[in-house]
Amino acid sequence: MSRTAAPTDVIRKPPPAQDEEARLRELGYQPVLARRMGGFGNFAISFSVISVLSGCMTLYGFGMGTGGPAVMLWGWAGVGLFVLCVGLALAEVTSAYPTSGALYYMADRLGGRRWGWYTGWLNLLGLVGAIAGIDYGAALFTGAFLNLQWGFVPTAGSTFLIFLAILLLHAVLNLFGVRLVSILNSISVWWHLTGVALIVGALAFIPDRHQSAEFVFTEFVNDTGWANPFYVAAIGLLLAQYTFSGYDASAHLSEETSNASVAAAKGIVRAIWVSWIAGFALLAGLSFAIQDYAAAQNSATGVPPAQILLDALGSGGATALLLVVIVAQLFCGNAEVAAASRMVFAFSRDNALPGSAIWRKVSTRTQTPVPAVWLAVAVAALLAAPALYSATAYGAVTAINVIGITPAYAIPIYLRLRAGNRFTPGPWSLGRWSKPVGWTAVVWVALVTVLYCLPQKSPVTVDTMNYAVIALAVVLVLASVWWYVARRSYGTPTTYGTAREEADIAEGIV
């Protein structure tokens, strides 16, 4: 672990804690959220949202057909390195602007109102899409668990009902305040790490037969219909890139974190490198334990990793470990609701959403943005509703998540690079590494954004089409239309204290 952590230790020294409430006022906002989250809790929320037990397990079936074990393992190693560059660059900007608005606030300050506006809408789309994708994935795994345990046969309707129940659970948990969210996320870290260890350990020692190292690290499988292996390998990188998202959660919880200018930046970076290690171990463990590749791909459970566990460990072991995965996914979805609701709150605080006066209200009892929580889960339910009618809808929801959130990461990084010496770093800084790391991050995000939009199956039909580009176009059109309605009222404040700002804040307290 120490060798992995060393680069960040070289590039910054933790400064004395500053007055974060005073800093927030300097950035233009009166503190109204409870600052009850510590540094570990801040790291835990991003680690929980990345959730290798959610992303790797849910998308393993995708990886089996888009390059197979070789692309999954080597792709994870390479993508993780580039995502770490994105996280390092984003952490530096987060340290300078520790607010709940996070990405859009950074873009607004560094590039102007329009940059902030479009970044905010992309980020919001990605966050609510992530809730839908995570919780629907948890519903799929719950259906597989019920199938193994009681012979329950999941249907589109029953899966959607499970999904709605999970959304309701996460909404209710988030209404109790950030302290409970922080406690659950802290538990989530150990649950994830212990869960990965249990799964990898069981798959390493219990099965009588394992795949060879040659198979795991060199076997290439192409079920996409595309002939070009380089194209297929590029598409296969998306398993890792889909999983490595959501680490901006640490930034969105800045206004509820002690010493946020340092803790939120460190939370982003630590969440990525810890997930990088844990995810590689999990993917390797699953790949070595495959007993029948084709049977796993076409599993009656609907979830290939569940079939791998079943074939390798038997019904009892598979059921127990599947339950571990489901609980991890529930932790992940709960953390994502917290992050998305803070984005809704912050964007409404700056009058960017229809009905902003409603969504920015904060409970005086729990200091939680209650209406924002309900809006986040309601929109997530709507995004996943097409799954009732189409088997490809879940893939579309995943595409909505990543096509929104990933470009939003690069915008403040690019604007920080463009600003040059006009950018004043916070207490956590990359120093002389800022430019090379930042430009690496921007180029990588540009590349994977193109990959997100490419067709993943051939021939391209209604059922196999990649809807990411449509999702991107729709959100940009809606954001552009709403800009002409709300552009006079939208704006981030320069400093807190004007009469209008005080009145707006007072109106947002219930």
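Numbers given to residues run from 1 along each chain, matching the order in which its sequence is written. Where totals are concerned, whole chains, interfaces and linings use all residues; where local detail is concerned, this predicted model gives features only for residues with pLDDT of at least 70, and gives and counts side-chain atom pairs only at 80 or more. The basis for every side-chain value is the complete set of heavy atoms in the structure, and neither hydrogens nor water enter the calculation.

(A) A look at the packing of helix H7 (residues 113-150) against helix H21 (residues 468-486). Running from amino to carboxyl end, H7 crosses H21 at an angle of 135 degrees, the nearest separation of the two axes being 10 Å. By the angle between their axes, H7 is oblique relative to H21. Relative to H21, the crossing made by H7 is right-handed. For the pair H7 and H21, the contacting residues are Arg113, Arg114, Trp117, Tyr118, Trp121, Leu122 and Leu125 in the first and Ala471, Leu472, Val475, Leu476, Ala479, Ser480, Trp482, Trp483, Tyr484 and Ala486 in the second. Asp, Glu, Lys and Arg are counted as charged, while Ala, Val, Leu, Ile, Met, Phe, Trp, Tyr, Cys and Pro are counted as nonpolar; the rest, among them Gly, fall into the polar class. Considered class by class, the residues forming the contact of H7 with H21 number 14 nonpolar, 1 polar and 2 charged. A fitted line through C-alpha atoms serves as each axis, taken over the contacting stretch for helices, and the angle formed by two N-to-C directions is quoted from 0 to 180°. Runs of E in the DSSP output that reach at least two residues are strands. Runs of H or I that reach at least four are helices, and both are numbered from the N terminus. Angle categories: roughly parallel below 35 degrees, roughly antiparallel above 145, roughly perpendicular from 65 to 115, and oblique for all the rest. Two helices that cross are described as forming a left-handed crossing if the nearer one is turned anticlockwise from the farther one by less than a right angle, and a right-handed crossing if clockwise. Residue contacts are defined here by distance: any two heavy atoms, one from each residue, within 4.5 Å place the two residues in contact.

(B) Representation of the side chain of Glu336 within the structure. With respect to the element layout, Glu336 can be found in helix H16 (residues 304-349). No salt bridge is formed by the buried Glu336, whose closest oppositely charged neighbour, Arg342, lies at an N-O distance of 11 Å. When neighbours within four sequence positions are excluded, Glu336 is seen to be in contact with Val49, Leu127, Ala130, Ile131 and Ile134. For every residue, the accessible area (1.4 Å probe, protein chains only) is compared with the maximum for its type, and the residue is labelled buried under 20%, exposed over 50%, or partly exposed between those bounds. A positive count includes Lys and Arg, and a negative count includes Asp and Glu. His and the chain ends are not counted in either. Salt bridges are defined by distance alone: a side-chain nitrogen of Lys or Arg within 4 Å of a carboxyl oxygen of Asp or Glu.

(C) A look at H21. To estimate how far a helix should extend, the number of its residues minus one is multiplied by 1.5 Å. Over its 19 residues, H21 runs 26 Å from end to end, which matches the ideal 27 Å to within 8%, given 1.5 Å per residue. Where H21 is concerned, the buried positions are Ala468, Ala471, Leu472, Val475, Ala479, Trp483 and Ala486. In an axial view of H21, the angular spread of the buried residues amounts to 105 degrees, which keeps them on one side of the axis. More than 90 degrees from the buried face of H21, the exposed residues found are Val477, Leu478, Val481, Tyr484 and Val485. What the arc covers is the set of directions going from the helix axis to the C-beta atoms.

(D) Highlighting empty space enclosed by the protein. Both site types are read off a 1 Å grid over the protein atoms alone. A 1.4 Å probe that fits but cannot get out defines a cavity, while an open set with protein on both sides within 12 Å along at least five of seven lines defines a pocket; lining residues have an atom within 4 Å of a point. Grid points are joined across faces, edges and corners, and a volume is the space filled by probe spheres set on the points. One pass over the full model with this rule turns up 1 cavity of 30 Å³ or more. Taken as a whole, the largest cavity encloses approximately 220 Å³ of empty space. Ser54, Gly55, Ile134, Tyr242 and Asn401 are, among the 20 residues lining the largest cavity, the residues nearest its centre. Where the lining of the largest cavity is concerned, the elements lending two or more residues are helix H3 (39-50), helix H4 (52-65), H7, helix H12 (238-243), H16 and helix H19 (393-419). Tallied by class, the residues present in the lining of the largest cavity amount to 9 nonpolar, 10 polar and 1 charged.

(E) Structural context of the layout of surface pockets. Taken as a whole, the second largest pocket spans an internal volume of roughly 400 Å³. Among the secondary structure elements, those contributing two or more residues to the lining of the second largest pocket are H7, helix H18 (370-384) and H21. The element contributing the most residues to the lining of the second largest pocket is H21, with 5 residues. A class-by-class count of the residues in the lining of the second largest pocket yields 17 nonpolar, no polar and no charged.

(F) Spotlight on the nonpolar core. What makes a nonpolar core is a set of buried Ala, Val, Leu, Ile, Met, Phe, Trp, Tyr and Cys residues whose side-chain atoms join them at distances within 4.5 Å. Ranked by internal contacts, the top residues of the largest apolar core, which has 165 residues, are Trp76, Tyr97, Phe244, Tyr247 and Phe347. The element best represented in this core is H16, accounting for 21 residues. Excluding anything up to four places from it in sequence, Tyr97 contacts Leu27, Tyr105, Met106, Arg109, Leu110 and Phe423.

(G) View of a nonpolar patch on the surface. Residues qualify for a patch when their relative accessible area is over 30% and they have no salt bridge, like charges being joined within 9 Å and the nonpolar side chains of Val, Leu, Ile, Met, Phe, Trp and Tyr within 5 Å. Here the accessible surface of atoms and residues is derived via Shrake-Rupley with a 1.4 Å probe, and residues count as covered only by protein chains that are part of the display. On the surface, Val460, Met465, Val469, Ile470, Val474 and Leu478 cluster together to form a nonpolar patch covering roughly 480 Å² of accessible area. Looking at the element boundaries, Leu478 is found in helix H21. In this structure Leu478 comes out as exposed when scored by relative accessible area, which is 53%.

(H) The confidence of the model for the chain, seen in detail. Confidence per residue, as judged by the predictor, is encoded in pLDDT with a range of 0 to 100. Model confidence for the chain is summarised by a mean pLDDT of 87, while 91% of its residues fall at 70 or above. Confidence drops under a pLDDT of 50 for residues 1-17, and excluding neighbours within four residues, the segment shows 19 contacts in the predicted structure. Here residues 497-510 scores under 50 on pLDDT; set against residues more than four positions off or in separate chains, the count is 25 contacts.

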